[in-house]
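# Results of the structural survey
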Amino acid sequence: MLEWVELREKVLSRVKPSEAEEKAIRVFSGETIKRVNALLQEAGLEASAELHGSVAHGTWLSGDTDLDIFIVMSPKYSRGDLEKILGVLKGGLDGDYVEAYAEHPYLRARLGGYNVDFVPCFRVDPATGILSSTDRTPHHTKYLEGTLDDELRDEIRLLKQFTRGVGVYGAEIRVGGFSGYLCELLVLGHGSFTGLLKAAAGWSKGTVVQLATGLDDYELRERFREPLVVVDPVDPGRNVASAVTQDTFWSFVAAAKAFTEKPSGRFFWGPDVKLGKMDALGLLDGSTDVVFLVVDESRAEVADSLWGQIHKSREALARQLEDNDFKVLGSSAWSDEKRRHVFLFRLEAESIPQVAKRWGPPVSLSKNAEKFIQAHRDAPGTVSGPATEADRWYVLSKREFTSARALLSQLLEDGGRNVGVSRNLSIRVLQHHRLLVNEEIEPYLEEGLVDHLYWFLKGRPHWLD
């Protein structure tokens, strides 16, 4: 397998940090932790700063400037003390901060050229119960310190880059994919990157991966209903793969199958092409129609919260289109997470006929048939019928909406709240939105949206090209 041997070295040469890069991030993180611990001590707080995440595990990728510094607090504190801890950091460290929320508040900062998350947690044993979901993280680091060697760290880097290349890396809601810790456990459980991919090529829904926990696979599938179950070795009651959606699970399986048959750099890096507006617009060929909802933002929320609202709203609007006879072939959303969100609905047609055939109950169901007849016989929208065809009643009725844009326009008069658009996003919709069809999107096409639209319309993963 000479082809893979050469490709492996080529990938590692790009993703493995240089000695200089390694030294710089270690020095910076060490100095930052020292400063934070001094601040905590001055404030009289029983807490200490520790480095965790991929840098602490030694599995981070070259060019990645994200750092996870955890503020590990004594269990004598409560969740109500989290704001106090974060306030000490904001008051004592120079930098640009954003207070973000996951299960509880944490700080995101840009310091010294690095993106630093300051995450509070409690010093507890997961086996006896946790006070917050982040309490497991220090134990993850301790577990990996005792199991990883340099060779395994390289194998993990290969998997991380592979999942990035095929678009399934990240446990955040926007992706619904593979976290860094999940990648680490998967490689540990299979011994190597290629060992994992060979196994993944044969995965089915409900696949269970355990690292010496010895639990019953059937019971785990009953407890965790996600498509992939990876038991957390430091907390057997948790599925590390809980964020992985059906779409990302099967995308990964398909990519694993294709890669094991024919390894290629395109799985790691994606297509090496610069897309322009005309590349995307050229795929709007009239065979289908795309309706765009463009929402301009005044102040975007933290990404995970924002994407939860976007996905909920997209699904709600797609259901409304389907319920009104518009065939939705696909839907998606793009956001720069700062000032603009764009919803995309690919339809068989934006405009549909005015009259639809509505089927009623079987003739043999007398009571139901009578209700159907009474409802439609003198209804204003009835064009023809009620009548029978074979064993069923039917009627020809006028549709209320024959234009998808007109339907969405009415649904969004209140921001979409009555049809399931999230509350905060509906406020943005009311403030400023545009409904566009096909090429009308051109003035709004910017770099990220161009790529998103192109691959949405292309309709297949880049690694199949």
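Quick caveat, the model's predicted, so the values are computed rather than measured. (Residues numbered from 1 in each chain as written. Predicted model: local features only at pLDDT ≥ 70, side-chain atom pairs only at ≥ 80, totals over all residues. Heavy atoms only, no water.)

Another aspect to go through is the overall build of the protein chain. Of the regular secondary structure elements, the protein chain holds 17 helices and 15 strands. Principal-axis analysis of the C-alpha atoms places the extent of the protein chain at approximately 80 × 55 × 50 Å. By the burial criterion, 49% of the 465 residues in the protein chain qualify as buried. Long-range pairs, those at least 24 residues apart, make up 66% of the contacts in the protein chain with a sequence separation of at least 6. (Helix = DSSP H or I, 4+ residues; strand = E, 2+ residues; numbered from the N terminus. Buried < 20%, exposed > 50% of the residue type's maximum accessible area, 1.4 Å probe, protein only. Contact = heavy atoms within 4.5 Å.)

On to the packing of helix 6 (residues 150-165) against helix 10 (residues 246-261). Packed helix pairs are characterised by how far apart their axes lie and by the angle those axes make with each other. Here helix 6 crosses helix 10 at 115°, and the two axes come no closer than 11 Å. In this view, helix 6 runs roughly perpendicular relative to helix 10, as classed from their interaxial angle. Crossing of helix 6 over helix 10 shows right-handed handedness. For the pair helix 6 and helix 10, the contacting residues are Leu 159, Phe 162 and Thr 163 in the first and Phe 252, Ala 255, Ala 256 and Phe 259 in the second. Split into classes, the residues belonging to the contact of helix 6 with helix 10 amount to six nonpolar, one polar and no charged. (Axes fitted to C-alpha atoms, helices over the stretch in contact; angles between N-to-C directions. Parallel < 35°, antiparallel > 145°, perpendicular 65-115°, else oblique. Left-handed = near helix turned anticlockwise from the far one by under 90°. Nonpolar A, V, L, I, M, F, W, Y, C, P; charged D, E, K, R; others polar.)

Here the structure, examined in full by the defined rule, presents 27 salt bridges. Note that Arg 428 is salt-bridged to Glu 297, the shortest N-O span being 2.4 Å. Here the residue Arg 428 occupies a position in helix 16 (residues 423-431), and Glu 297 occupies one in the loop between strand 9 (289-296) and helix 13 (303-323), the gap between them amounting to 131 residues. Given the relative accessible area of 13%, Glu 297 is considered buried. A cluster of three or more residues bridged by salt bridges with shared partners is formed by Asp 296, Asp 336, Arg 339, Arg 340 and Glu 446. (Salt bridge = Lys/Arg side-chain N within 4 Å of Asp/Glu carboxyl O.)

Relative to strand 14 (residues 392-398), strand 13 (residues 382-389) runs antiparallel, the two being bridged by five bridges. Looking at strand 14, one finds that Ser 384 is bridged to Leu 396. The turn joining strand 13 and strand 14, which pair antiparallel and follow one another in sequence, is formed by two residues; a positive phi near 55° is taken by Ala 390. (Pairing = 2+ DSSP bridges.)

Counted residue by residue, strand 9 has eight buried out of eight residues, so it is predominantly covered. A two-sided burial pattern is seen for strand 9, the buried positions comprising Asp 289, Val 291, Leu 293 and Val 295 on one face and Val 290, Phe 292, Val 294 and Asp 296 on the other. Pairing of strand 9 with strand 11 (residues 340-347) involves eight bridges; the strand directions are antiparallel. Paired with Phe 292 across the bridge in strand 11 is Leu 344. Across five bridges, the pairing between strand 9 and strand 15 (residues 433-437) is antiparallel.

Time to look at the sheet that holds strand 10 (residues 328-335). One open sheet holds the four strands; their spatial order is 10-11-9-15, and the pairing between them is antiparallel. Among the strands making up the open sheet, the edge pair consists of strand 10 and strand 15. The mean angle between the axes of side-by-side strands here comes to 15°, regardless of whether they run parallel or antiparallel. Pairing of strand 10 with strand 11, which is carried by seven bridges, proceeds in the antiparallel orientation. Among the inter-strand pairings, Val 328 is bridged to a residue of strand 11, identified as Leu 347. In the packing of helix 13 onto the sheet, contacts are made with strand 9, strand 10 and strand 11, and the angle to strand 10 comes to roughly 155°. Against the sheet, helix 16 engages strand 9, strand 11 and strand 15, with an angle of about 95° to strand 9.

When we look at burial in helix 16, the residues that qualify are Leu 425, Ser 426, Arg 428 and Val 429. Along the axis of helix 16, the buried residues cluster in a sector spanning 155°; they form a single face. For helix 16, the exposed residues set more than 90 degrees away from the buried face come down to Arg 423 and Leu 430. Contact partners of the buried residues in helix 16: strand 9, helix 13, strand 11 and strand 15. (Arc of directions from axis to C-beta.)

Here we take up the environment of Val 291. Counting through the fold element by element, Val 291 comes out in strand 9. For Val 291, a relative accessible area of 1% puts it in the buried group. On a C-alpha basis, the gap between Val 291 and Leu 435 in space is 7.0 Å, while along the polypeptide they are 144 residues apart. Dropping the residues within four chain positions of it, Val 291 is found in contact with Phe 343, Leu 344, Phe 345, Leu 347, Glu 350, Ala 404, Leu 408, Leu 436 and Val 437.

In this section: the side chain of Gln 309. Tracing the chain through its elements places Gln 309 in helix 13. By relative accessible area, Gln 309 is classed as buried at 12%. Gln 309 has contacts with Glu 301, Ser 422, Asn 424 and Leu 425, leaving out every residue within four places of it along the chain.

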